[in-house]
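Geometric and topological summary
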Amino acid sequence: MLVIDCPYCGPRNSTEFRHAGEAGKSRDVANSTPAEWRRYLYEFNNPLGWVREHWFHSSGCRRYISSERHTGNNEVRWVVPFGTPAPSTTSDKETGA
Amino acid sequence: MSASGNWRIAPQPGEVIDRSQKVNFTWNGSPASGYAGDTIVSALMASGVRVMSRSFKYHRPRGVITATFFDPNCSFQVGQEPNVRGAHRMVRNGDDVNAQNAWPSLNFDIRAANQVVGRFLGPGFYYKTFIKPQKLWPAYQKVLSTFAPGGAPPAIGTPQEIFDKRFVHPDVLVAGGGPAGMAAAIEAARTGAKVILVEEEYELGGHLRYGGTESLATLAALRAEVASFDNIEVLTDSVVSGRYDDNWVGVVQRSGIWAKERMIKARVGTLVVAAGLIERPYVFEGNDLPGVMLATAALRLIGLHAVKPGTSAVVFTANSTGDEAIERLRAAGVSIARVLDARKGENVTRALGRGQVSGVEAGDGSKTSADLLITATGWTAPTSLLNMAGDRPVWNAAGARFTPSELFHSSVMAAGGIVGDGTTAELIAHGRAVGIEAASRARGEAAKPVAALIPDAHPALFQSTTVGFLDLSEDVKNKDIVSAAKEGYDSSELAKRFTTSAMGPSQGKLEMVNTMAVLAEATGRDFQSTGTTVWRPPYAPISLGALAGRVFEPDRVSPMQLWHEAHGAKDMVAAQWIRPEHYGNPQAEALNVRSNVGIIDLTPLGKLDLHGPDIVKLLNLAYTNTWDNLAVGSVRYGVMCAEDGVVMDDGVTGRLGDDHYLMTTTSSGAGNVWDWLEMWLQTVHREWQVTITPVTTALVSINVAGPNSRELLSRITDIDLDPAVFGYMKVRQGTVAGVADCIVWRIGFTGELSYEIHVPASYGLHVWETLLEVGKDLGVAPFGIEAQRILRLEKGHFIVGQDTDGLTQAYEAGLGGLVKLAKEDFSGKPELVWQEALAGNYSHLVAVETVDPLLVPAEASQIVENGNEIVGRITSSRMSPTLKRSVCLAHVPASLSTPGSRLTIVLENGDRAAAIVREDLAFVDPEGVRLRG
Amino acid sequence: MALGNASTSRTPTASVGGARKGSRPARYSAFDIFRRGVTHADWPRSFNEHELKKSYDVVIIGAGVHGLACAYYLAKNHGITNVAVIEKAYMGGGGSGRNTAIIRSNYLTPEGVRFYDRSVKLYEDLAVDLNYNVMFSQRGHLTLAHNDASLRTMHWRAEVNKLQGINSSVIDAKEVGKIVPYLDVTDHARYPILGALYHPPGGIIRHDAVNWGYARAAGHLGVEIHQQTEVLGIETAGGKVTGVRTSRGNISAPIVVNCTAGWASTICDMVDVKMPLVTHPLQAAVTEPVKVFLPAVIVSGSLHVYVSQTDRGELVFGASVDPYPSYSLRGSLEFTEGLATHILELIPSIGSLKLLRQWAGLCDMTPDYSPIMGITPVEGFLVDVGWGTYGFKAGPVSGEQMAQLVATGRTPELIAAFDLARFADGRLVGEKGAASVGH
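On a predicted model such as this, the values are computed, not experimentally measured, just so you know.

Bringing the overall build of chain A into the picture now. Regarding its fold elements, chain A presents 1 helix and 6 strands. Residue pairs at least 24 apart in sequence account for 43% of intrachain contacts in chain A once pairs closer than 6 positions are excluded. Surface exposure of chain A reaches about 4,400 Å², of which carbon and sulfur atoms provide 46%.

The following block contains the structure:
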């Protein structure tokens, strides 16, 4: 079973977490056309490879956190609190959605 | 072949039987015996039993091959338990042991006739036959299914045995308690690491246990060293079943505990795989006859159980283990009729005999009489756990076996024979080195390589020149693989699937390499490109009971549940909650609410306590309606939609103070809503200050409903209930039945004047009983969920998930009035903007009256047009005790949504019934007079 | 030869000598089995190997049941035989060989029911059509209801099914117990069985046989199946498909059909078609064989488990997809633990049965539990993807309908509701209620 190193609680079994989707979605209520909004609702990159995503530590601290995981072997490269920058070794982008 | 003779020999130095304790059991109904420490198979062998079962497809008599857990034809029915591994399971007093797969008896099996027609039963036989006539296939199939192998399932009503689970966090877990595994555990422990050493058999030692006196001396020293470490936990009769992501390791402990089996789940620092080697059978004609066995099987029977496996043996040997077997057989009193040495180019072509070996034909055509044929033709490394960690083993041509490639994760290491060969001392030295490194890796230090053992040169022996069995549990022959390849099933996966080789209970441990070898030869490819097949978990079969463990399924109940049950409540299961559906007569309960007063336990209602200055912003975002102007002391109903505009949840939220609100949700949606609100707060509006505390079970919720509810409540509260000051949709806090800090609000799901009281949970029962006590003269009675469903339907109130489905957006649910599109933002807004623009051109939730007032169409009855064209459905229906007629809610298309529209409903029996769409959703009190009274 | 033998004499398994091109498969019959049994005559090859040609009329990606069926019906129904099926591993090795082979048509929406009913009809005649026994066992399919909400959904499905002419009805717990005596239908179970949706034509099939039967029959009609051939890219020009780059060379083709599962997003990425897909592993497991005691397919949505027993006596289990997206096929311990817990709630007496093997396949989940079939913004690039956990049931009908689309250029009525454009248009299919554990 996957271990997720919660930045608030430390390493925990993945069964304590709920997967909260790919990072990087942008929600634009004011200006989206129907097609754009439904792309926001339904489309995913769904890559085979490294993916930035969010988790909710539902059976722990109940915080949203962000991670980078390889979907081929489930290796988790890093985990940070939601909204904090990704470790600089891998990216310079914000992890927040 | 019934039990005959005594095959027990003089005490052996390493024997594990206790000759002072006789064990009595039955074998196919006849009395049999053995000693404590005997396996079922060793006890039977000691009594002269040679045929242990009949084979799956051809029903050929089969005996002992490996004398280990995975001996393919030594599975028995023991009492109610099927497929017991008889060469592993210790025999116990009173065991009722029966052969499997034999009908009517082991010695006379009618289906052995399959042997005669065997030439037609080639691979893929079923795919090629019974095609026509199609109508007869079910009949054929019924017959075929009676041929299913294995034991009988436990009878219905067989009591569930107790299984358990345990969690451990060792630094090092060693899979395999042979010399290398023991050495690894010792050295890891010496560094201070917490070590678990897992051994599949009943004692540590591996092959040393059935080796010579020197082996036994080494073993004694290793055991003493293991025992000297408090930080080594030894688990025998236990097996590592799998290695999963992040070194999550499953261990099944089969004995030595109070439960029948225990599943141990270990989060392991470093997993050391020291699984040793599995001896590989050889494929030749008659290789499945009882009397043909592996050298290690003979060594085990003699060394561990002091059983002589035969009287006269031919030994086909290619290695030192075969050579050792010759000596040990001789010492046990077995005469060696002939030795065939593969290293000198000698070969075995046939085992002769019917039902039992009577002779052996060598490669040169010569025949030797014997009742035993021992083969020692090579080894298979059981790399299963390494594969699960990412390894892809490579073919070592010189050693004629696959070896680990070291591609596996650095948190896993391999030690001992699985890696390569060596003297006992070398295996131990390798184990020690791996143990030190394993502990170091577990401490987080960088991985360093450990010098590998190299497999000794070994002749490549897989099959002789004759046709024999490749897979003894599936009855697949070498020629079947060739046929499969010729037919085009020529990749390893296709050949395996087509012939079912390696798909049976032994899962490839014995037959995988031979299957690959035969296929490689048949297709002219080399071994490596023919490929290895992925060993899938578990490494050894695990009982469903061990996987399940004890069931800890939480029951959620209100503090009044015992009261309910004592007062005739019929319970219903609503996800985790168990709650009263009714107390005997839901129609009467509902009527009592309309005419007097009823109380219902609504504790499962989701309740979230909200604090903070930005609650209004959150409510405006979560609900479709507006929350800007809710005064302290007021409550409001709201609907939540997901981002796709689909109705998600609903409930009442009340303002208790300036920055303090209590939100209620549906019972089943409570968890989701909480998570979802946190999502908005933590990921979208992180600047908002709101704290959410779930108080569902901290508060007991009681709804007091009916015309007498005010009078009833007034008798036990200090809250002023005067409607002029405590009107509809208001909330007050005060004392109820002497309990301070109760929250009371006026709402009306039932359509009646009603007060919902939220009481600190530990006082719930007190308040409940007080209400019943003081309201006797008012006709107070409890009502259950069913009565509430009737009441709300009479009032035309919808239920999320029943009157809506996974695609129902707010306007379709008739909730347009609660959607405030003028708000800047709320969940689902864009979709609802577009739905609103459709100007009613979507399906509608409407109230429906059947023309026949006494007809109650079942919920989910379909509404049709033009014959069978489905246009809508009844979502809720009940007989109304108030109106004495049926009341329904339905989804209908826009064209049928105007009041007075005539609907055609299809009843369960196929009849059609007419119904009319009503003006108003509410059947009872559409003006809301009762509610607001 | 890389293999040694102790003896130098000829082994019984000497080389089969590679593929003989163009050989035709034998007609399987009882007589032929008898004749070959007596004469020891070999069966001819069922599948032939081919050189990859420079161009094809149609390239199908993925030799699972969908791709193979599409190829077969292209050839059989439309005479289009210049077709290559490109498979990166071996045929039937993905979801088609990893599913639990349950067939049914008792869906929730009329469009779903019509579509899967066509599939059941094709499956019923498939053995004769392909001259290959696919062992379709219509033993009955029970979807258990453990609470009033799921019982209501069962009623809903039953009513929709009946109006579409499907044999499907709701039965009570007592009747469930009569059909499957091993089930615990008492009311003291933690999640008591209140009733079930009973679908007598539902059942199980031999999945490999379906895959191989299609492959053999398609090959017979001239279609080429290229195993161990990986698609590396898809060529387009002016918004139209022009060809496919593979690990064995480039092919030009005006039509490419994506029939992959688990890899649908990666293939669609090659032509920049974004898909509403999330890939999740779906795990399954099998027990050791025991004598047959389970006469019907059992599904429990509330307990997230489904089980059937093969004629070989093994119990085959599945559950819902893994909780987070992944392409990993390793499987998990918690899956088997949950499975066992739930199966013992349903059938309490079988705790001593042993789980033998677990495995995983990949499922491309769509937002509305319905597939994505038909045209895409790239002309000539067609999709038959998004099959979630229910792709195998739909293999024949999908192949038939996609073949019709390829041949006629028009989207057949039966799959019109499953178009890609429905997501942008907000026309989702309402199968969610029926497919949360879609077996």
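There is more to say after this.
Bringing the environment of I162 of chain B into the picture now. Residue and element names in this part refer to chain B. Inspection of the secondary structure puts I162 in the loop between α4 (137-145) and β8 (163-168). Linking I162 and S877, residues 715 residues apart in sequence, is a C-alpha distance of 45 Å. Apart from the residues within four sequence positions on either side, I162 is in contact with W258, A259, K260, E261 and R550.

A separate point is the interface of chain A and chain C. The parts lose accessible area when they come together, and the size of an interface is often stated as this lost area. In this complex, chain A contributes 20 residues to the contact, which on the side of chain C involves 23 residues. Taken together, the two surfaces of chain A and chain C that pack against each other cover about 1,800 Å², and 55% of this comes from carbon and sulfur. Applying the counting criterion to the chain A and chain C interface returns 0 salt bridges. It is helix α1 (residues 34-42) of chain A that contributes the most residues to the side of chain A that touches chain C, 4 residues altogether. Class assignment for the residues of the side of chain A that touches chain C results in 9 nonpolar, 8 polar and 3 charged.

Moving on to the domain arrangement of chain C. Residue and element names in this part refer to chain C. Here chain C is described as being made up of domain 1 (51-136 + 203-277 + 366-439) and domain 2 (137-202 + 279-364). One C-alpha centre belongs to domain 1, the other to domain 2; they are set 26 Å apart. Facing the 37 residues of domain 1 at the interface are 41 residues of domain 2. At the boundary of domain 1 with domain 2, total buried surface from both sides reaches about 3,000 Å², with 61% on carbon and sulfur atoms.

As a further point, take the pattern of salt bridges. Considering all chains together, one arrives at 83 salt bridges over all chains under this definition. Measuring nitrogen to oxygen at the nearest pair gives 2.4 Å for the salt bridge that ties E643 of chain B to R27 of chain A. Here R27 of chain A lies in the loop between β3 (18-22) and α1 and E643 of chain B lies in the loop between β35 (635-641) and β36 (647-657), a pairing that spans two chains. Taking the relative accessible area as the measure of exposure, R27 of chain A reaches 22% and is therefore partly exposed. Residue D555 of chain B is joined to R190 of chain C by a salt bridge in which the shortest nitrogen-to-oxygen separation is 2.3 Å. With one member in each of two chains, D555 of chain B in the loop between α15 (544-548) and α16 (561-566) and R190 of chain C in the loop between α7 (173-179) and β6 (195-199) form a pair that bridges those chains. The class of D555 of chain B is partly exposed, set by a relative accessible area of 47%. Taken together, the shared-partner salt bridges connect K570, E581, E786, R789, E859 and R878 of chain B together with D148 and R152 of chain C into one network.

Moving on, we come to the side chain of T39 of chain B. Its place among the elements puts T39 of chain B in the loop between β2 (30-36) and α1 (40-46). For T39 of chain B, the residues in contact, after removing those within four places along its chain, are G86, A87, H88, R89, M90, V91 and H305 of chain B.

Residue and element names in this part refer to chain C. Spatially, the 6 strands line up as an open sheet ordered β8-β2-β1-β12-β19-β18, and their pairing is mixed. The sheet is open, and its two edges are formed by β8 (224-226) and β18 (372-375), each paired on a single side. Averaged over all pairs of adjacent strands, the angle between their axes in this sheet comes to 15°, without regard to strand direction. Here strand β1 (residues 58-61) pairs with strand β2 (residues 83-86) via 4 bridges, running parallel.

In helix packing, the relevant descriptors are the interaxial angle and the interaxial distance, both defined with respect to the helix axes. Residues and elements named next belong to chain B. With their axes 9 Å apart at the nearest point, helix α11 (residues 478-486) and helix α12 (residues 492-499) run at an angle of 120° to one another. Here α12 runs oblique to α11, going by the angle between their axes. Seen along the crossing, α11 lies across α12 with a hand that is right-handed. Contact with α11, carried on its side by D480, I481 and A484, involves A495, F498 and T499 of α12 and no other residues of that element. Per-class residue counts for the contact of α11 with α12 are 4 nonpolar, 1 polar and 1 charged.

With that settled, consider the packing of helix α17 (residues 586-595) of chain B against helix α22 (residues 785-794) of chain B. Residues and elements named next belong to chain B. Between α17 and α22, whose axes approach to 8 Å, the crossing angle comes to 55°. Taken together, α17 and α22 sit at an angle that is classed as oblique. α22 is crossed by α17, and the crossing has right-handed handedness. Across the interface between the two elements, P586, Q587, E589, A590, V593 and R594 from α17 touch E786, A787, I790, L791 and E794 from α22.

Let's shift gears to the sheet that holds strand β1 (residues 18-27) of chain B. Residues and elements named next belong to chain B. The strand order β2-β1-β7-β5-β6 describes an open sheet built from 5 strands, whose pairing is mixed. Sheet topology places β2 and β6 (81-85) at the edges, where each strand pairs with a single neighbour. Going from strand to strand, the sheet's axes swing by 45° on average, the running direction of each strand aside. Alignment of strand β5 (residues 75-78) against strand β7 (residues 96-99), held across 3 bridges, turns out to be antiparallel. Across the sheet, Q77 pairs through a bridge with N98, a residue of β7.

Below, the discussion takes up unusual backbone geometry. Backbone torsion omega between P537 of chain B and P538 of chain B reads 0°, so that peptide bond is classified as cis. The backbone of N74 of chain A shows a phi angle near 65°, a positive value even though the residue is not glycine. Locating N74 of chain A in the fold gives a position in the loop between β5 (64-70) and β6 (76-81). What makes N74 of chain A buried here is its relative accessible area of 5%. Positive phi outside glycine occurs at N28 of chain B, with the angle close to 50°. Among the secondary structure elements, N28 of chain B is positioned in the loop between β1 and β2. Classification of N28 of chain B by relative accessible area gives partly exposed; the value is 34%.

Analysis parameters
- Residues numbered from 1 in each chain as written.
- Chains lettered and ligands numbered in written order.
- Predicted model: local features only at pLDDT ≥ 70, side-chain atom pairs only at ≥ 80, totals over all residues.
- Heavy atoms only, no water.
- Helix = DSSP H or I, 4+ residues; strand = E, 2+ residues; numbered from the N terminus.
- Contact = heavy atoms within 4.5 Å.
- Areas by Shrake-Rupley, 256 points an atom, 1.4 Å probe, with all protein chains shown as cover.
- Buried area = accessible area lost by both parts, 1.4 Å probe.
- Salt bridge = Lys/Arg side-chain N within 4 Å of Asp/Glu carboxyl O.
- Nonpolar A, V, L, I, M, F, W, Y, C, P; charged D, E, K, R; others polar.
- Domains from an automatic or database assignment.
- Buried < 20%, exposed > 50% of the residue type's maximum accessible area, 1.4 Å probe, protein only.
- Pairing = 2+ DSSP bridges.
- Axes fitted to C-alpha atoms, helices over the stretch in contact; angles between N-to-C directions.
- Parallel < 35°, antiparallel > 145°, perpendicular 65-115°, else oblique.
- Left-handed = near helix turned anticlockwise from the far one by under 90°.

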